[in-house]
Amino acid sequence: MPGQQLTQPNTPPDPSHIPDSISQQAVQLEYKNFLNQDDLISIQSFRRAADYIAAAMIFLRNNIFLERDLAFDDIKPRLLGHWGTCPGLVLIYARLNKIVCDTDVEMLYVVGPGHGAPGILACLWLEDSLGTFWPKYSRNYEGLFNLIATFSVPGGFPSHINGQTPGAIHEGGESGYALSVAFGAAMDNPDLIIPCVIGDGEAESGPTAAAWHGFKYIDPAESGAVLPILHINGFKISERTIYGAMDDRELVSLFVGYGYQPRIVEDMENIDHDLAASLSWAISEIHKIQHATRPGSPIVKPCWPVILLRALKEDRPVHFNYHGYPFELQGLLFGRPGLMERVTIARYKEEGTTTSPFDMMLCNNISRFDVATAAIRGGSRVSPKVAVNAHIEMSALRHEAKKVQDYIYKHGEDPEETYATPSFD
Ligand SMILES: Cc1ncc(C[n+]2csc(CCOP(=O)(O)OP(=O)(O)O)c2C)c(N)n1
């Protein structure tokens, strides 16, 4: 906003002057534990794998499974593809995929932020849709190596979704057209549902501003439906977005005015449940409209669903474990109030004497036990779920640290496992 001073990267929207009563127009759903445990685990595993592959496509030229320590030469010399939009695209893809597998609904996923190509290509590789058309990207080690190593270099996939991508009907290289492409695809395709992701930067463009009205040209009796999903991650390249700066009341007023039923999805702690319940609600609303109108009784001004996905929390605490003098880091933060409150810096307190390397860390409160304790302490400030067992977990860590220190004082050296490579499940 003009004259506004921002103190943190993803500043929450300032409250508007719109009466709170408008919030009642946003669709409310009970979504806690919407997914059963098996579905939750499978979706989250898919997302973790796809997010890793997407990040690797952008950054790594080899060493794709991190089989040895990362070296400078493992990083691509020229980084292309936008990481910021990928996790959101994958989040939506993962759930839609499950819906398509579990039901007989026909879907086409149109992605406005086509510059998030790594996210989409990673999903296509995981479900083996790439290998079917491109044997060099088959679902094996070699196929994954080719996907990652050749991404955004000549001969590989480019950083935007293009015509080589199986199933692509929209390139997404030029922002603004996803929503109109989606409405076009729905016409005369009565059984097709088209979830269409629109970036909040893209949503500012003229073509998208007009396309929100597209459903006014859709006859639910003979055409399919578009489910717009506005991806409000707050940024367009390096600038804040207008939609990211709008509070819920402004967003709800706007979309109710366009003629939609808006559902805001924003519970990052339970995002898979929240999104799954919201997509199921949206699909059932679409079916309700279509079933009501198809026996030959047209509905005047049906209210189609729209999903407003706020996919970023901005206030996470940051803990630096700095094995040196912290002045440079403090200098960077100096005078930036939002950041000063969020960031804590642990560093050597200059305590300890002739002892073992790990004991030096324990004495200075910068061991891995201290990092874990700081994460729990910071996490419990922002998440009641973490706060519940925080004191039990922190005392267990203190106990573990004491056991290690006792061992060191008894044997005069660090326990062997101190230097073992950690494994992650
Ligand atoms: C018409 C047009 N103008 C400019 C660009 C350059 N551009 C690429 S991505 C991007 C930002 C898109 O922001 P958003 O839609 O919010 O996507 P996200 O932040 O999720 O990546 C811009 C401006 C473009 N692709 N098309």
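Residues numbered from 1 in each chain as written. Predicted model: local features only at pLDDT ≥ 70, side-chain atom pairs only at ≥ 80, totals over all residues. Heavy atoms only, no water.

Draft legend 1. Molecular detail of the site of the ligand. Contacts to the ligand come from 14 residues, most closely from His115, Gly173, Gly201, Glu202 and Phe235. Here a nitrogen atom of the ligand sits 2.9 Å away from a polar atom, N or O, in the main chain of serine 175. Against a free-state accessible area of 590 Å², the protein chains account for coverage of 72% of the ligand. Using a 2 Å cut-off from the grid points, one finds that the ligand occupies the largest pocket. By residue class, the composition of the shell around the ligand is two nonpolar, eight polar and four charged. (Near = heavy atom within 4 Å. Polar contact = N/O pair within 3.5 Å; in protein donor to acceptor, adjacent residues only side chain to side chain. Areas by Shrake-Rupley, 256 points an atom, 1.4 Å probe, with all protein chains shown as cover. 1 Å grid on protein atoms, 1.4 Å probe; cavity = no way out; pocket = protein on both sides within 12 Å on 5 of 7 lines; lining within 4 Å. Sits in = over half its atoms within 2 Å of the grid points. Nonpolar A, V, L, I, M, F, W, Y, C, P; charged D, E, K, R; others polar.)

Draft legend 2. Main features of the domain arrangement of the chain. Looking at the assigned domains, one finds that the chain contains domain 1 (20-310) and domain 2 (318-419). Here domain 1 and domain 2 have C-alpha centroids that lie 39 Å from each other. (Domains from an automatic or database assignment.)

Draft legend 3. Geometry of helix α1 (residues 37-59). End to end, α1 covers 33 Å across 23 residues, agreeing with the expected 33 Å (1.5 Å per residue, within 8%). Every buried residue belonging to α1 is among Asp39, Leu40, Ile43, Phe46, Arg47, Ala50, Asp51, Ile53, Ala54, Ala56, Met57 and Ile58, and all of these are buried. Looking at the buried side of α1, the elements it contacts are α2 (86-102), α3 (117-126), α5 (141-149) and α9 (271-293). Regarding α1, its N-cap is asparagine 36, as a side-chain oxygen of that residue lies 3.1 Å from the backbone nitrogen of aspartate 38 further along. (Helix = DSSP H or I, 4+ residues; strand = E, 2+ residues; numbered from the N terminus. Expected span 1.5 Å × (residues − 1). Buried < 20%, exposed > 50% of the residue type's maximum accessible area, 1.4 Å probe, protein only. Contact = heavy atoms within 4.5 Å.)

Draft legend 4. Quick peek at empty space enclosed by the protein. Under the defined criterion, the tally for this structure stands at one cavity of 30 Å³ or more. Each pocket or cavity is described by its volume, and for the largest cavity that value is around 40 Å³. Lining the largest cavity, in full, are Phe183, Phe215, Ile218, Gly224, Ala225, Val226 and Trp304. Residue classes in the lining of the largest cavity are distributed as six nonpolar, one polar and no charged. (Points joined across faces, edges and corners; volume = space filled by probe spheres on them.)

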